[in-house]
Every structure is written in C-alpha cells, then in structure tokens.
Amino acid sequence: MAKDINEIQGGPDHVAIIMDGNGRWATQRGRPRLLGHHAGARRVREMVEACPDFGVKYLTIFAFSTENWKRTQSEVAGLMKLFRRYIERETKALFKDGVRVRFIGDRQKLDDKLVSLMDNLELYTSGNDKVHLTIALNYGGRDEVTRAAQRLAFEVEQGRLSHKDVDAETLAKFLDTRFLPDPDLVIRTSGEARISNFLLWQSAYAEYEFVDTLWPDFTAEEFGKILSNYGNRERRFGAVSV
Ligand code: FPP
C-alpha cells in the first residue's frame with residue numbers, strides 16, 4: 001500500500017489532524033471516556049510511523065484545545081497524565097524513528113512537570129528531520145493570533161518594528177507555527193464538519209477532509225486512502241485553472 005501512495009505525485013507535505021471521537025468510541029463500548037483517549041494515543045504512533053511511507057514530512061495533531069479545560073476535572077487531569085506518560089514512554093522510539101517533535105499552544109496554563117517534559121522532548125529530538133511532528137496542546141487559533149498580536153505590538157512599542165512593516169508575513173513570524181509550512185490538508189475524524197479553532201490562520205488554503213471514523217478506529221490504511229485522493233485534487237490558491 002505504501003508503495004502505491006509514494007507513486008502519487010503532489011501528495012501533501014503537511015497534514016494536520018483533528019483527532020475527534022475518542023469519547024464516543026469509549027462510550028459505545030460502555031467504558032470511561034479516558035479509555036478512548038488512551039486508544040487514540042496508540043493511533044498517534046501508527047500515523048507518525050506511516051508518514052515517511054506516505055511522503056508526509058509534517059504532521060500536526062490537535063491534542064488539547066484552549067476550550068478543552070471546560071471538560072470535567074477528572075477528564076482534564078486524565079488527559080494531562082496521558083500527555084506526560086506519552087512523552088515519557090515514546091521519547092526513545094520517536095528519536096529512533098527520526099521524528100522531530102515540537103509543541104504549539106500556550107504553555108503558561110500547563111503544569112511545570114508537563115512543560116519540562118515537553119521542553120526536553122523538543123531539545124532531545126531537535127536534530128531529527130525525517131518527520132516533523134507538531135503537537136497542539138492548550139492550543140486555540142484565536143488565542144495564538146492574539147498572543148502573536150501582543151508580541152508584535154510590544155515590538156512596535158519598543159521601537160524595534162514600524163507599524164508600516166506589519167504584513168501577513170511579519171505576523172506569521174510571531175505565530176507558534178513560525179517554523180512550519182502551512183498545512184496542505186486538514187483531516188477531522190468522527191463525522192463533525194467543523195474546524196474548532198484549529199490552525200485558523202495557517203489553513204487559509206488547505207484542503208479539508210471530514211471522515212466519519214472515530215479517531216481510535218482511524219487506521220494508517222484510511223490515512224493512505226485520503227492522501228491518495230488528495231493527489232488527484234487541484235489546488236489553485238485563489239487563481240484560475242490553466
Ligand atoms: C477529541 O475526542 C480528542 C481529544 C480532546 C483529545 C485528543 C487526544 C488524544 C488522541 C490522546 C493522545 C494524544 C497524544 C498527543 C498523546 P473527544 O473526547 O472530543 O471525543 P467525543 O467528541 O467523542 O467526545
């Protein structure tokens with residue numbers, strides 16, 4: 001399967017995924033929602049491992065949004081514990097697989113232990129270049145643009161930047177994603193057709209794919225099929241076809 005996908009020209013370099021449906025997956029089985037998140041975490045590994053075969057250089061995943069704090073205290077605590085454990089357990093394998101991991105989102109609200117694990121993982125994998133995995137944690141698109149605007153305003157206030165130099169390119173340099181190309185394709189699982197504040201600025205010209213599969217059931221094979229469909233699409237970035 002991987003071979004076929006590789007033969008497709010013009011596949012996406014950067015795929016972003018909204019991993020939705022963990023809770024429903026668990027509820028359907030009469031199990032606690034957290035079990036669904038654990039099953040979802042296992043799929044993360046599968047997708048990361050599939051990326052090189054599919055020619056995907058950048059994978060960005062939505063792990064926790066700025067709105068997810070509204071969930072029950074026990075679900076939030078369980079998710080935070082899962083992120084800590086994920087980093088502790090996966091660091092070696094990610095490194096060995098040549099994965100460079102980075103995080104986007106506001107770290108200020110996250111606990112110190114988690115932030116230190118995130119910092120260490122970023123540093124430890126900083127020399128890797130095979131796959132760039134970006135994990136959005138306490139991330140919201142509006143929050144990101146707001147924080148970027150604050151930093152930009154501060155630079156103007158300090159006289160290091162003129163307001164006349166503020167254009168889209170300058171603003172993008174203040175975003176959490178400044179090290180990333182824009183996503184070519186955004187996938188959302190679980191049948192919801194919303195973007196839920198994910199990569200609002202960066203996805204201006206992205207293709208979207210909404211699939212019914214719940215995230216813990218999403219396989220590398222389904223991922224491959226979506227990528228293969230993408231290869232047949234034409235992106236015009238606002239221009240007309242030639
Ligand atoms: C959405 O499903 C999913 C989340 C809020 C958490 C995503 C987290 C993971 C997949 C866990 C692992 C991630 C990493 C990076 C280790 P939902 O709970 O909203 O599902 P529902 O819509 O069915 O309730």
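Residues numbered from 1 in each chain as written. Predicted model: local features only at pLDDT ≥ 70, side-chain atom pairs only at ≥ 80, totals over all residues. Heavy atoms only, no water.

A. Quick look at helix 6 (residues 141–157). Over its 17 residues, helix 6 runs 24 Å from end to end, which matches the ideal 24 Å to within 8%, given 1.5 Å per residue. Of the positions making up helix 6, those classed as buried are Gly 141, Glu 144, Arg 147, Ala 148 and Leu 152. All buried residues of helix 6 fall inside an arc of 135° around its axis, so they share one side. Exposed and facing more than 90 degrees away from the buried side of helix 6 are Arg 142, Gln 150 and Glu 157. Against the buried residues of helix 6 lie strand 4 (131–139) and helix 7 (168–172). Directly beyond the C-terminal end of helix 6, a positive phi value near 80° is found at Gly 159. (Helix = DSSP H or I, 4+ residues; strand = E, 2+ residues; numbered from the N terminus. Expected span 1.5 Å × (residues − 1). Buried < 20%, exposed > 50% of the residue type's maximum accessible area, 1.4 Å probe, protein only. Arc of directions from axis to C-beta. Contact = heavy atoms within 4.5 Å.)

B. Spatial organisation of the pattern of salt bridges. Inspection of every chain in the model, using the stated rule, returns 19 salt bridges. Of the charged contacts, one joins Asp 20 and Arg 188 as a salt bridge, the two residues approaching to 3.0 Å between their closest N and O atoms. Of this pair, Asp 20 sits in the loop between strand 1 (14–18) and helix 2 (22–28) while Arg 188 sits in strand 5 (residues 185–188), and the two are 168 residues apart along the sequence. For Arg 84, the salt bridge identified is with Asp 111, shortest N-O distance 3.1 Å. In this pair, Arg 84 is assigned in helix 4 (residues 73–96) and Asp 111 in the loop between strand 3 (99–104) and helix 5 (112–124), connecting sequence segments 27 residues apart. Residue classification places Arg 84 among the partly exposed residues on the basis of a relative accessible area of 22%. Residue class for Asp 111 comes out partly exposed when judged on its relative accessible area of 33%. What you see here is one network of salt bridges that share partners, running through Asp 20, Arg 24, Arg 188, Glu 192 and Arg 194. (Salt bridge = Lys/Arg side-chain N within 4 Å of Asp/Glu carboxyl O.)

C. Region of interest: the sheet that holds strand 4. Here we have six strands laid out as an open sheet, ordered 3-4-2-1-5-6, and parallel in their pairing. What marks the edges here is a single partner per strand, and that holds for strand 3 and strand 6 (207–210). Going across the sheet, the axis of each strand differs from the next one's by a mean of 20°, ignoring polarity. In this sheet, strand 5 lies alongside strand 1 in parallel orientation, the contact comprising four bridges. Looking at the pairing, Ile 17 lines up with Ile 187 of strand 5. (Pairing = 2+ DSSP bridges. Axes fitted to C-alpha atoms, helices over the stretch in contact; angles between N-to-C directions.)

D. Focus on the packing of aromatic side chains. Tallied over the entire structure, the rule returns ten aromatic pairs. Ring geometry for Phe 64 and Trp 69: centres 4.9 Å apart, planes at 75°, overall edge-to-face. With a centroid separation of 6.3 Å and an interplanar angle of 85°, the aromatic rings of Phe 64 and Phe 83 are classed as edge-to-face. Of the two residues, Phe 64 sits in strand 2 (residues 58–65) while Phe 83 sits in helix 4, which places them 19 residues apart along the sequence. Classification of Phe 83 as buried rests on a relative accessible area of 11%. (Phe/Tyr/Trp six-rings, centres within 6.5 Å; stacked < 30°, edge-to-face > 60°.)

E. Seen up close, the site of the ligand. The environment of the ligand is made up of 18 residues, and the closest members are Asp 20, Gly 23, Arg 24, Arg 33 and Arg 71. Between the ligand and the protein, one listed contact pairs an oxygen atom with a backbone N or O atom of Gly 21 at 3.3 Å. Considering the ligand on its own, with 620 Å² of exposed area, one finds that the protein chains cover 92% of that surface. Judged by its atoms lying within 2 Å of the grid points, the ligand is housed in the largest pocket. Residue assignment for the shell around the ligand shows that the elements contributing at least two residues are helix 2, helix 3 (33–54), strand 2 and helix 4. (Near = heavy atom within 4 Å. Polar contact = N/O pair within 3.5 Å; in protein donor to acceptor, adjacent residues only side chain to side chain. Areas by Shrake-Rupley, 256 points an atom, 1.4 Å probe, with all protein chains shown as cover. 1 Å grid on protein atoms, 1.4 Å probe; cavity = no way out; pocket = protein on both sides within 12 Å on 5 of 7 lines; lining within 4 Å. Sits in = over half its atoms within 2 Å of the grid points.)

F. Local environment of the side chain of Arg 102. By the secondary structure assignment, Arg 102 is in strand 3. Look at Arg 102: it is buried, it has no salt bridge, and the nearest opposite charge is Glu 122 at 6.3 Å. There is a polar contact of 3.0 Å between the side chain of Arg 102 and the side chain of His 132. If near-sequence neighbours (up to four positions away) are discounted, Arg 102 is found in contact with Glu 122, His 132, Leu 133, Thr 134, Ile 135 and Phe 179. (Lys, Arg positive; Asp, Glu negative; His and termini not counted.)

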